[in-house]
Structures are given as structure tokens and as C-alpha cells.
Amino acid sequence: MMVSFCQGALLLSLAAAMAVYADIKVDCGPDFVTLMWTEGRPQADTSLLRLGSCFPTSFSAGEAYFYVDLTDCNFRILVTGDVLLYSNDLTYVASEDSYNLAFTHPVVCAYERPKDWYSSQQIYDPVFKTYGLGDLQFTLGLMNDDFSGPAESTSFPLGSIIPIMASVVQKSHQPLLLLLEECVAATTPELHPESTMYPIISNKGCLLESVSSQSKFEPRQKSSEMRLSLQAFKFAMGDEVFIHCKLLAWDPNGLDSTKKACHFVKGHGWELLDNLAQSNLCDCCESKCKSRRQRSVSSEKHGMVQKAVIGPFTITDVNS
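The protein chain appears in an unreviewed UniProt entry as ZP domain-containing protein from Champsocephalus gunnari.

Structure below.
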């Protein structure tokens, strides 16, 4: 039996417009979750709500109720030290003739990890780290090929793709855009002057590895999430490797040459992940990226920075 780490779920807020029209209540039980969605718009069809792969347990003209086990509905499990995080998405699947927009609302339950806990879904604790900063919770982890769950192995052949996902869970209503400001590979879990390092992302969000390899940022599924397909490079072959990143949660409307996500696309040059029309923000990736805005105390309120580390993992030479 699991002990609840927090009585309620850690919930991402919907956009402000959505919050006006609906109310959500989530309770995390010892091995189940209940969710009540109260809809304020008479034209909304609550039968179109889904929690993961599950239909509502019951619904009416204005409410949808879910009572589901944590082992059902495709809940995702993240192991972060002494904490188990069960996450899923509440979605509204709008019909073609509906005036209501489709949406996705993340739901997360956190539990204290029992000392003797073991998941039959995983053969080892996934390399996934969680960091708390104020009312934000950052995560950085190695993922499987389609980013649907933690990596099943920590060994990657040279030239293969290493899927990495970073995300931020926010308890406030303000939407935030997650950025990877810099990432380096190192042979140590902490960075020291004598550490052997290999730059991956630098110059305020420029994916250097994309210039000479197949590494790239994947299209966003959520503004609060970043997916990086990193091609395994020749570094510390066979030895333990750690990736150190600086994660930035930022105002989506405050992008500039120092707050961006840029990768190099063969035949096109540097492109901005979030808006191709603003790819000129990436022009500085070949030089030094500096903000044109005057730095001030008020500008710091647009976001928060968190350092994170994943590893160890190994890069192996398939020819050796």
C-alpha cells in the first residue's frame, strides 16, 4: 500500500479562459485517483472527456466523474529518489461541429516511495530527476524511443538516438515556456574545473550538436515540455556519462536572442523551434548571443532557472 505524499494532485492549470468555464477536483488515493470535472458551458459534451485511455466512470450534462486505478488508463510512472510520480492527461476530444476547443490538462499524483517498492513495468529505476524551485517542479530524463516513458536501457551505441525530455510542472495559472539554455556532457555527476566536458547546447539555447549530426529538437507537444533527440557522440566511450543542463521556465511572449531554442537544419540553417518566422533570433548562434533588452530586476520575474543532471549512462562503440 502506498502512502500519499500529498493529499491532492500536483496539477497544471489550464489556460485562464478554460478555468473560467470549468472546475476540476482531483483526489489521489492510495492506489486510485478520483477526478470530478464540473463544466460551466451548457453546449459542452462531458462524455468526450478522457483520462488517459479511460472514459468517464459517469457523466451528466454538466459533470464528468472518473474513478480509476493507477494501474489503468496508461498512467506514466516516474521514479525520482524517494518519490513516485504518477502522471496522466485529461483531454477533451472535440467533435468536428463543436464550438468548444480540444484541450489537454496534465494530472500528477505524488507518493512516498516504499523502501521495498518494485515495478514490474521496469527492470531498473529510470534515470529521471525531479527538482523543486518555488512553485515549479522541473524534471529531466532519458526516455524511450517515442518519449512515452523512461528509457529501458542506459547504454547507447555510437550514432544512435538518445531521447531526452525536460519538463516543468507549474501550480500557478500563468503559462510558461520551457527552454534548455545550456547542456554539457561530463564524466562526473558534478562539474569541476578538471572535469572532461563536451558541449551540447550553449550560447543561450543553440543546439551545437545539430550542426554536425542528426541531433534536433522535436516539435513541442506542450509549451512546458522540451524533447531532444540527441545522436550519441564520441565521448568517454564505455565510461559513465552525465548530462548537465540549465533549464529555464520563461514567459512565452518574452523570447529574444538569449531566450530561445535553436537547432541547425541541413539546407536551411539555424531555425527557431517555436516560430520559424522569428528564426533571426538564432543568427547569433554562430557568434555570441546577447540580449538587446536592458537587464533589470523586473525582467527576472519572467522566469526561473534550474540546474539539472541526468546519468550515468554509457556510449558504446558498436565496432569494438
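Asks: Would you mind going over the packing of aromatic side chains in detail, with residue names and values included?
Replies: Each aromatic ring pair is summarised here by two numbers: the centre-to-centre distance and the angle between the ring planes. Applying the stated rule across the entire model yields seven aromatic pairs. With 5.8 Å between their ring centres and 90 degrees between their planes, Tyr-86 and Tyr-111 make a pair best called edge-to-face. On the criterion of sequence distance, the pair formed by Tyr-86 in strand 9 (residues 83-92) and Tyr-111 in strand 10 (residues 103-112) is long-range, its members being 25 residues apart. Since its relative accessible area comes to 7%, Tyr-86 is described here as buried. Ring geometry for Phe-156 against Phe-313: centres 5.8 Å apart, planes inclined by 85 degrees, an arrangement best described as edge-to-face. On the criterion of sequence distance, the pair formed by Phe-156 in strand 13 (residues 155-157) and Phe-313 in strand 23 (residues 304-316) is long-range, its members being 157 residues apart.

Asks: Hey, could you go over unusual backbone geometry for me, with residue numbers and the actual values?
Replies: Only a minority of non-glycine residues have a phi that is not negative, and only a minority of peptide bonds are not trans. The linkage connecting Gly-311 with the following residue, Pro-312, adopts the cis geometry, with an omega of 5 degrees. Relative to the assigned elements, Pro-312 resides in strand 23. Of note, the phi angle at Cys-73 is positive, near 65 degrees, even though the residue is not glycine. Phi angles above zero are rare outside glycine, and Phe-147 is one such case at about 65 degrees. With respect to the helices, strands and loops of the structure, Phe-147 is situated in the loop between strand 12 (136-142) and strand 13.

Asks: Go over the nonpolar core with me, naming the residues and quoting the values.
Replies: With 50 residues, the main nonpolar core has Ile-164, Leu-180, Ile-200, Phe-217 and Ile-243 as its most contacted residues. When residues in this core are grouped by element, the largest group, seven residues, is from strand 20 (residues 241-250). Ignoring anything within four residues of it in the chain, the contact list for Ile-164 reads Leu-140, Gly-141, Leu-142, Met-143, Phe-147, Met-226, Arg-227, Leu-228, Leu-230, Ile-243 and Ile-310. Counting 25 residues, the second-largest nonpolar core is a separate cluster that includes Cys-54, Leu-70, Leu-90 and Val-107.

Asks: Which residues make up the sheet that holds strand 16 (residues 197-202), and what values go with them?
Replies: Hydrogen bonds along the backbone pair up the strands of a sheet, which may run parallel or antiparallel. Judged by pairing direction, the sheet is mixed, and its eight strands sit side by side in the order 13-23-20-15-16-17-21-22 without closing on themselves. Edge positions in the sheet fall to strand 13 and strand 22 (269-272), since each of these pairs with one other strand and no more.

Asks: So what's going on with the side chain of Arg-220? Which residues, and what values?
Replies: Topologically, Arg-220 is positioned in the loop between strand 18 (216-217) and strand 19 (225-231). In this structure the side chain of Arg-220 is engaged in a polar contact, spanning 2.9 Å, whose partner is the backbone oxygen of Leu-178.

Asks: Can you tell me about the layout of surface pockets, naming the residues and giving the values?
Replies: Its volume calculated, the largest pocket comes out at about 410 Å³. Counting only elements with at least two residues in the lining of the largest pocket, the list comes to strand 8 (76-80), strand 9, strand 10, strand 12, strand 14 (161-170) and strand 19. Classifying every residue of the lining of the largest pocket gives 13 nonpolar, nine polar and five charged.

Reading guide: rules and limits
Residues numbered from 1 in each chain as written. Predicted model: local features only at pLDDT ≥ 70, side-chain atom pairs only at ≥ 80, totals over all residues. Heavy atoms only, no water. Phe/Tyr/Trp six-rings, centres within 6.5 Å; stacked < 30°, edge-to-face > 60°. Helix = DSSP H or I, 4+ residues; strand = E, 2+ residues; numbered from the N terminus. Buried < 20%, exposed > 50% of the residue type's maximum accessible area, 1.4 Å probe, protein only. Core = buried A, V, L, I, M, F, W, Y, C linked by side-chain atoms within 4.5 Å. Contact = heavy atoms within 4.5 Å. Pairing = 2+ DSSP bridges. Polar contact = N/O pair within 3.5 Å; in protein donor to acceptor, adjacent residues only side chain to side chain. 1 Å grid on protein atoms, 1.4 Å probe; cavity = no way out; pocket = protein on both sides within 12 Å on 5 of 7 lines; lining within 4 Å. Points joined across faces, edges and corners; volume = space filled by probe spheres on them. Nonpolar A, V, L, I, M, F, W, Y, C, P; charged D, E, K, R; others polar.

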